[in-house]
Amino acid sequence: MPDSTLTPPVRAATTHVGEPFSVRNPARLVEEVGVLTRGRAAVAEEAVDRAYAAFPSWSGLGAHERAAALFRAADAIDLERAAIAELLTREHGKVLADATAEITNTAKTIRYYAGLADYVERETVLDDARGRIIERRVAMGVVAVIVPWNYPVLLATLMYAPALLAGNTVVVKLPENAPLALSATLQRLVQELPEGVLSVVAGSGGEVGVALTTHPKVRRVSFTGSTETGRTIMRDASSNLKSLGLELGGNDPAIVLESATVNHRLVQGILRGAFMTSGQVCYAPKRLYVHRSRYSEFVDAFTAAADELVVGFGLDPAVSMGPLNNKAQLNTVKELVEASRREGASVRPAGRYEGVEETDGFFMLPTVVSGLDQHSPLVQQEQFGPAVPILPFDSEEEAVALANDSEYGLAASVWSDDTEHAFGLARRIQAGSVFVNVHRVGASDASMPFGGFKQSGVGRGHGEISVDESTELQIIADRTDMQAQI
Ligand code: NAD
């Protein structure tokens, strides 16, 4: 059993005690999974002060010394993977296999960044007739990391790990929903790091989040979440021109070309992407465009495959899809499905419940929707849940136009037996990542730059580029020869 009274790391939120709040299991609303103290703005300010004070010594260490602490934390997280994954399933709703993969990938991601110590320390030195130019990267200072509840542990790691390795100090704000597993992993890091280098605060976005994004000592905000909040943060962070990394919402198209055989691999590939974590994934197929010659065959095969899904409590090994994480998200998806019904679309709930009643938690069956057009709300908006619209197209020109007809541009996929042809079409899609014959969590690993076009984001995460983005580029130049010219 996980520790049901996990609190944020001891070094966070100790002097200003806020109200306790209860985290409930979205698959069994009667179960309290844990209790956290909701910090106030003053707690965030105190954490920033500690991070500010810790910055000179932490940034003054060599990157390999910082990396050593990260490696130790990754080992500590691995040792507790099973308990943390179970805690994540209980507080989030996702099935245990997905929760375990998230914790496994968290430790791997920390190691990946720890392995980039040489990259952080690299300097380019150019000696020429006029003197010497050194080009180097230096840490910025205090970085605020704010993440959502859908992949809280991994998403936070993708932001704090490069920042810490580069020599920044970090304050992480926990999401209000699903804060416990992230808090548990961060405790392992806090134990390996000097005082103040990493602080953790719980609390609302409107109070603790704003306290961080407006704080004059915070130099960078690394944010993952909705486009709407991203806009607010961009405005708030303008007060002292903070550096920004914004990983925002998406409404990913998946295009099934005429040249794609509708077989088990294709159907399962799209189905897994669409319904993994109950569709609460930033880059998931959220609107499917299928060539008209394949349309009926695909809708039938996709619905039949969705009928095999088993919905219930994520710790039950028979279950393949958990509940949604929270009531607001469930209501959003249900409203989009109702709007589709009112438009006369075919709405087909699929799969079955196992071991739970629908009303035990925030449950919804995976739902296949056909007969909508491009302007329907379920096609235009990010549903972030298990309801997927399928639309036909007649030509590749039309498919590209439909896919690009969105203010979002996070990811997309093209499906075809002819991979070269799919790569060609992929070049015409306006999205930060375009996958070929795959589209689900894991397709973009920690080393692949990731981020959105248009209103899906600003900047890039993952990979070496996220180390670059949490540093300033500095030039040190001796142009002695110029003196002679004056
Ligand atoms: P959200 O924007 O409501 O909340 C995200 C975080 O921001 C939470 O911790 C919240 O407390 C905080 N917050 C809210 N208002 C704030 C403010 N004014 N100032 C500072 N912080 C504030 O997002 P959500 O609904 O929790 O998450 C779902 C969204 O996240 C979806 O749109 C999804 O696509 C997106 N997402 C994007 C990525 C990506 O990599 N691009 C990854 C995961 C999720």
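Anything mentioned here points back to the structure above.
Now for a quick tour of the structure. Since the structure is predicted, the reported quantities are computational estimates derived from the model, not experimental observations. (Residues numbered from 1 in each chain as written. Predicted model: local features only at pLDDT ≥ 70, side-chain atom pairs only at ≥ 80, totals over all residues. Heavy atoms only, no water.)

**Here we look at the overall build of the protein chain**
Right, on to step 1. Of regular secondary structure, the protein chain possesses 17 helices and 22 strands.
Right, on to step 2. Residue burial in the protein chain is summarised as follows: out of 486 residues, 58% are buried.
Right, on to step 3. Counting every atom, the protein chain has about 19,100 Å² of accessible surface; 52% of that belongs to carbon and sulfur.
Right, on to step 4. Put simply, the protein chain has 44 plus and 60 minus side-chain charges, and the middle of one group is 3 Å from the middle of the other. (Helix = DSSP H or I, 4+ residues; strand = E, 2+ residues; numbered from the N terminus. Buried < 20%, exposed > 50% of the residue type's maximum accessible area, 1.4 Å probe, protein only. Areas by Shrake-Rupley, 256 points an atom, 1.4 Å probe, with all protein chains shown as cover. Lys, Arg positive; Asp, Glu negative; His and termini not counted. Charge placed at Lys NZ, Arg CZ, Asp CG, Glu CD.)

**A closer look at the sheet that holds strand β9 (residues 243-247)**
Right, on to step 1. The mixed open sheet is built from six strands, whose spatial order is β7-β6-β5-β8-β9-β21. One side of each edge strand has no neighbouring strand; the edge strands of this open sheet are β7 (198-201) and β21 (457-458).
Right, on to step 2. Direction of pairing for strand β5 (residues 142-146) relative to strand β8 (residues 218-224): parallel, over a ladder of five bridges. Note that in β8 the partner of Ala-144 across the bridge is Val-221.
Right, on to step 3. Each of β6 (169-173) and β7 touches helix α7 (residues 180-192); the most contacted strand, β7, lies at about 155 degrees to it.
Right, on to step 4. Sheet strands in contact with helix α8 (residues 205-213) are β5, β6, β7 and β8, and its direction is about 165 degrees off that of β6. (Pairing = 2+ DSSP bridges. Contact = heavy atoms within 4.5 Å. Axes fitted to C-alpha atoms, helices over the stretch in contact; angles between N-to-C directions.)

**What about the side chain of Thr-367?**
Right, on to step 1. Its location among the elements puts Thr-367 in strand β15 (residues 367-370).
Right, on to step 2. For Thr-367, a relative accessible area of 4% corresponds to the buried category.
Right, on to step 3. At 2.8 Å, the side chain of Thr-367 and the backbone oxygen of Leu-365 are in polar contact.
Right, on to step 4. Once you skip the residues sitting within four places of it in the chain, Thr-367 turns out to touch Phe-275, Val-347, Arg-348, Pro-349, Pro-386, Ala-387 and Val-388. (Polar contact = N/O pair within 3.5 Å; in protein donor to acceptor, adjacent residues only side chain to side chain.)

**A short note on the nonpolar core**
Right, on to step 1. Residues Tyr-160, Val-170, Leu-186 and Leu-189 are the most contacted members of the largest nonpolar core, which totals 61 residues.
Right, on to step 2. With nine residues, helix α6 (residues 152-165) is the largest single contributor of residues to this core.
Right, on to step 3. If you count residues domain by domain, this core takes at least three from each of domain 1 (4-248 + 456-475) and domain 2 (252-436).
Right, on to step 4. Residues in contact with Tyr-160, not counting those within four places in the same chain, are Thr-106, Ile-110, Val-145, Val-170, Val-172, Leu-186 and Leu-189. (Core = buried A, V, L, I, M, F, W, Y, C linked by side-chain atoms within 4.5 Å. Domains from an automatic or database assignment.)

**Here's the deal with the pairing of β15**
Right, on to step 1. Side chains of β15 alternate between two faces, with Thr-367 and Val-369 and Val-368 and Ser-370 buried alike.
Right, on to step 2. Pairing of strand β13 (residues 346-349) with β15, which is carried by four bridges, proceeds in the antiparallel orientation. Each residue of the ladder has a partner; that of Ser-346, found in β15, is Ser-370.
Right, on to step 3. Taken together, the four bridges between β15 and strand β16 (residues 387-393) define a ladder with parallel strand orientation. Within β16, the residue paired with Val-368 across the bridge is Val-388.

**Details of the packing of helix α10 (residues 264-275) against helix α11 (residues 292-306)**
Right, on to step 1. Running from N to C, α10 and α11 cross one another at 60 degrees; their axes reach a closest spacing of 10 Å. As the angle between them shows, α10 and α11 are arranged oblique. The two elements α10 and α11 meet at a crossing, and its hand is right-handed. Contacts between α10 and α11 involve Leu-266, Val-267, Gln-268, Ile-270, Leu-271, Ala-274 and Phe-275 on the former and, on the latter, Phe-298, Ala-301, Phe-302, Ala-305 and Ala-306.
Right, on to step 2. Across the contact of α10 with α11, the residue classes break down as 11 nonpolar, one polar and no charged. (Parallel < 35°, antiparallel > 145°, perpendicular 65-115°, else oblique. Left-handed = near helix turned anticlockwise from the far one by under 90°. Nonpolar A, V, L, I, M, F, W, Y, C, P; charged D, E, K, R; others polar.)

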